[in-house]
Amino acid sequence: MNDRVHLDTDVLIIGSGAAGMSAAIAAHDLHARVLIVDKSLIGRGGATVMAQMTVAAALGDEVPDSPDAHLSDTLKAGRGLCDEILSRILCEEGPGAIRQMERWNVGWARHPDGRLRQVEAPGHDRPRCVYVDFLNTGPAVSRTLRAQVQRRAIKRIGDLAITDIVVSGGAACGAVGFSVTDGRAVAIAARAVIIATGGLTRLYARNSASLNMGGDGYALGLRAGAELIDMEFVQFFPIGHLAPRLVGMDPIMWDPFRYKLGGRLLNGEKKEFIDRYGVPEDNRYVATRDVATYAILKEVDAGRGSPAGGVYLSFEHVASGKLREAFGPVIDRLAANGIDLAKGPVEVAPIAHYHMGGLRVTPSFETSVSGLFAAGEVVGGANGANRLSGNAITEALVFGRRAGVSAAERAREGGAGSRVQDAADALALVSAGSGDAPRENFAALIVRLQRVMADRVGPFRTAKGLSAALSEIAAMKAALGSTPPLEPGRFRPERLDWFDARNMLLAAESVVSSALRREESRGAHAREDFPASSSKWARHQIVSLRDGALRIDLSSAPCEKVAAS
């Protein structure tokens, strides 16, 4: 059972969401041997498969558009902190990625004359976002990419938890992990490695992510010697479902219906309030996510919240026929949950949804470690302090393809991959364990971390709360210890919890430490003790791991000539 498994490939891709699968397709098409591994089922975990909304690209099918106009909106949303080179790549290559998905029959919604339908999402200056339908875009993208991966017979292994990147001579040359089902150690030699593990919203008690979005990629990169950037910026989706109870439906489903039908946000007094916070909506849904989150929570703090602790989202002004025309069979699914939108509002509140920070990369999507690349949400910098609505799947497709091409080219240059001696320490860890019962309930430790992050590192932050969070994280790291529990074996979830907590605590520490240092408010980072933005903070914070301790440095130059003030 504990015999080690040794594998060899040209390009190893860790994570199989849209970014990982896009990278795999691109690398394979350049004749690289590709291996995709994932802690969950291939192509069915991560954020993409759960996304139910829209994808931004300057196609110009609805109205005249250009990548420069898309870039302008992206930079504006990023509040002066976007890495403009990465943002430009996203905007310029987005249309090609959408057209490619069209050729692969993803099923974008169309007008009768064949043009793709595009809608105007918050923060955009025109209709720019395509969709399959308003509740199926992400699943359709995932299904289409899975079909392309399968058609190419790309090798893929699910239920494999990667614990460490193997580095030799300053270059990534493979990875080590273990089988979730039987505990066997797995060593993979590779000539290039791509991290495509998604974000870290599982760090929060209330989140819209899947269970494997716990910050694995950030921790893997840090321990390998890579740098992180903009880790303090966590985006909260402002209108995540809160009440009544909603079973079997995505908590962030309300956004497309709000901007399609003009759903009204009302406080506990049943009054509209967004215009009090500097963004008059005039019956248009234009407030960006950071502004809407701020407004909702401020209304709640002022005692003007709804009974469950959020605000109301009302469609009562929309005719029943129009509701059914827009929602289709969703109306019946809502009815099964006791929700009739024609008769009453639902309650919504911010929910952790996306992370703007991540691995610092070059335009080839290589990290500061040679041969180690990144793609998708795990990449930091492109979105600055706040992501523009609709850019997430676009960046997964575009950044995935870029990383796949770069990794295939690196693999073609040569390199032998890792040797057993290079992976010795990582293999020792996944093979280690005590025969005793776990000294700690590591699943409970993860829940404790989620509560700390929600209570002290949410949309509103203070030095006192952030400092307390760091102290609690330090205590949890001490409780975790340096060795996983039990011996490797079949169906030992305690060991997976230990490795999950190991990564989550390191990712959380990087978020909290960065948030404590940034003494201003900007985008998704709101400091109540520093409520204004400052031009001196128009810089990235760079996180690295040195001798087991986090180090944070400021980038040497302002991110943009004109920063938010």
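Just so you know, these numbers come straight off a predicted model, no measurement behind them. (Residues numbered from 1 in each chain as written. Predicted model: local features only at pLDDT ≥ 70, side-chain atom pairs only at ≥ 80, totals over all residues. Heavy atoms only, no water.)

Notes on the packing of aromatic side chains
All told, the structure shown has 7 aromatic pairs when counted by the stated rule. Taken together, a centroid distance of 5.1 Å and an interplanar angle of 40° make the contact between Phe178 and Phe499 tilted. With Phe178 in strand 7 (residues 171-179) and Phe499 in helix 14 (residues 493-517), this pair connects stretches of sequence that are 321 residues apart. An angle of 80° between the planes, with centres 6.0 Å apart, marks the rings of Tyr277 and Tyr294 as edge-to-face. A residue pair is termed long-range when its members are at least 10 positions apart, and Tyr277 in the loop between strand 11 (264-266) and helix 7 (289-301) and Tyr294 in helix 7 qualify at 17 residues. The ring of Phe460 has Lys298 lying over it, and the distance from NZ or CZ to the ring centre is 4.9 Å. (Phe/Tyr/Trp six-rings, centres within 6.5 Å; stacked < 30°, edge-to-face > 60°. Helix = DSSP H or I, 4+ residues; strand = E, 2+ residues; numbered from the N terminus. Lys NZ or Arg CZ within 6 Å of the ring centre and 35° of its normal.)

Some points on the layout of surface pockets
Space inside the largest pocket adds up to approximately 480 Å³. Lining of the largest pocket is provided by 24 residues; of these, Asp290, Tyr294, Ser521, Gly523 and Ala526 occupy positions nearest its centre. Elements represented by at least two residues in the lining of the largest pocket include exactly strand 10 (234-243), helix 7 and strand 17 (526-527). With 6 residues, the single largest contributor to the lining of the largest pocket is helix 7. A breakdown of the residues in the lining of the largest pocket according to their chemical character gives 11 nonpolar, 6 polar and 7 charged. (1 Å grid on protein atoms, 1.4 Å probe; cavity = no way out; pocket = protein on both sides within 12 Å on 5 of 7 lines; lining within 4 Å. Points joined across faces, edges and corners; volume = space filled by probe spheres on them. Nonpolar A, V, L, I, M, F, W, Y, C, P; charged D, E, K, R; others polar.)

Section: the side chain of Asp38
Here Asp38 shows up in the loop between strand 2 (34-37) and strand 3 (55-56). Buried and unpaired, Asp38 has Lys39 as its nearest opposite-charge partner, separated by 7.6 Å. Discounting residues that sit within four places of it in the chain, Asp38 has contacts with Gly15, Ser16, Ile157, Gly158, Asp159, Leu160 and Asn212. (Buried < 20%, exposed > 50% of the residue type's maximum accessible area, 1.4 Å probe, protein only. Lys, Arg positive; Asp, Glu negative; His and termini not counted. Salt bridge = Lys/Arg side-chain N within 4 Å of Asp/Glu carboxyl O. Contact = heavy atoms within 4.5 Å.)

A word on the sheet that holds strand 13 (residues 346-355)
Strand order in the open sheet formed by 4 strands is 10-13-12-11, with antiparallel pairing between adjacent strands. The two strands at the open ends of the sheet, each matched to only one other strand, are strand 10 and strand 11. The average angle at which neighbouring strand axes cross in this sheet is 45°, direction not considered. Sheet topology note: the strand 11/strand 12 (residues 311-314) ladder contains 3 bridges and is antiparallel. Among the inter-strand pairings, Leu265 is bridged to a residue of strand 12, identified as Leu313. (Pairing = 2+ DSSP bridges. Axes fitted to C-alpha atoms, helices over the stretch in contact; angles between N-to-C directions.)

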